[in-house]
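Spelled out from the first residue to the last, the chains are:
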Amino acid sequence: QKEVEQNSGPLSVPEGAIASLNCTYSDRVSQSFFWYRQYSGKSPELIMSIYSNGDKEDGRFTAQLNKASQYVSLLIRDSQPSDSATYLCAVNSRGGYSTLTFGKGTMLLVSP
Amino acid sequence: GAGVSQSPSNKVTEKGKDVELRCDPISGHTALYWYRQRLGQGLEFLIYFQGNSAPDKSGLPSDRFSAERTGESVSTLTIQRTQQEDSAVYLCASSFEGNYGYTFGSGTRLTVV
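Residues numbered from 1 in each chain as written. Chains lettered and ligands numbered in written order. Predicted model: local features only at pLDDT ≥ 70, side-chain atom pairs only at ≥ 80, totals over all residues. Heavy atoms only, no water.

### What about the overall build of chain A?
Piece 1. Tallying secondary structure elements over chain A gives zero helices and 11 strands in all.
Piece 2. N-terminal to C-terminal, the α/β element order of chain A is β-β-β-β-β-β-β-β-β-β-β.
Piece 3. Relative to its length of 112 residues, chain A is compact, with a C-alpha radius of gyration of 13 Å against a globular reference of 13 Å.
Piece 4. Principal-axis analysis of the C-alpha atoms places the extent of chain A at approximately 40 × 30 × 20 Å.
Piece 5. For chain A, the proportion of its 112 residues judged to be buried stands at 45%.
Piece 6. For chain A, the share of sequence-separated contacts (at least 6 apart) that also reach a separation of at least 24 residues comes to 55%.
Piece 7. With the model as given, the accessible surface of chain A reaches about 5,300 Å², and the carbon-plus-sulfur share is 49%.
Piece 8. Here chain A holds 10 positive side-chain charges and 10 negative ones, and the gap between their average locations is 7 Å. (Helix = DSSP H or I, 4+ residues; strand = E, 2+ residues; numbered from the N terminus. Rg over C-alpha atoms; globule rule 2.2 N^0.38 Å. Buried < 20%, exposed > 50% of the residue type's maximum accessible area, 1.4 Å probe, protein only. Contact = heavy atoms within 4.5 Å. Areas by Shrake-Rupley, 256 points an atom, 1.4 Å probe, with all protein chains shown as cover. Lys, Arg positive; Asp, Glu negative; His and termini not counted. Charge placed at Lys NZ, Arg CZ, Asp CG, Glu CD.)

Here you go:
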């Protein structure tokens, strides 16, 4: 059974700090990895995608993927109170069309 | 359209009634997905449509749930004889061909009383 695991949190960080969010997945053939941000009462919003081992940077966000360890992470630099949300890790384990399996999300709280 | 459009945004229904939820995907997106999110819970996959292929219905929780899609356009999710445990936010998403991630609609909040 495909599983995506995340620490539910909350992860509390002060404004300006680096927030590190982690995710592990069980399906070794997983190929595509996504991070979504979900504000309370809103729908998920895609913020990062990563497909190959290593780091991918986009502004204050860096996604990291290690397929050998079946581990994907999201770093948020210079965290802002507006980053406070639940972050969902999602994994697509087949090429082409497929469904995403979502983790239950990690709540991030950034205090001013 | 510019985004994934879902209607209604909120629906309150009496137990035992049928409800129909609508999703209009982004133009050009060939794949369409329905997920359910209960309060404080993760996203639960329901059904997936891709072009003219047979839909992947493996996530539908019971035979009270069904969904249709007209070509690569609008989809409707129907829940018959609603139960209180059906109360949730129903999210629709669409995507291009390939692994580009989804764009979600704003959801339909269903409350069964």
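### Some points on the confidence of the model for chain A
Note that predicted coordinates carrying low pLDDT should not be read in detail.
Piece 1. On average, residues of chain A score 92 in pLDDT, and 94% of them are at 70 or above.
Piece 2. Least confident of the elements in chain A is strand β10 (residues 101-102) of chain A, whose mean pLDDT is 91; most confident is strand β7 (residues 61-66) of chain A, at 98. (pLDDT = per-residue confidence, 0-100.)

### Digging into the packing of aromatic side chains
Piece 1. Here the structure, examined in full by the defined rule, presents 13 aromatic pairs over all chains.
Piece 2. Here Phe 102 of chain A and Tyr 102 of chain B contribute two aromatic rings whose centre-to-centre distance is 6.4 Å and whose plane-to-plane angle is 55°, an arrangement assigned as tilted. Here Phe 102 of chain A is found in strand β10, whereas its partner Tyr 102 of chain B is found in the loop between β8 (88-95) and β9 (103-104) on a different chain.
Piece 3. Exposure remark for Phe 102 of chain A: the relative accessible area of 8% places this residue in the buried category.
Piece 4. Their ring planes at 70° and their centres at 5.7 Å tell us that Tyr 35 of chain B and Phe 45 of chain B sit as a pair that is edge-to-face. Of this pair, Tyr 35 of chain B sits in strand β4 (residues 31-37) while Phe 45 of chain B sits in strand β5 (residues 43-50); the two residues are 10 residues apart in sequence, bridging distant segments of the chain.
Piece 5. Look at Tyr 35 of chain B and you get buried, because its relative accessible area is 1%. (Phe/Tyr/Trp six-rings, centres within 6.5 Å; stacked < 30°, edge-to-face > 60°.)

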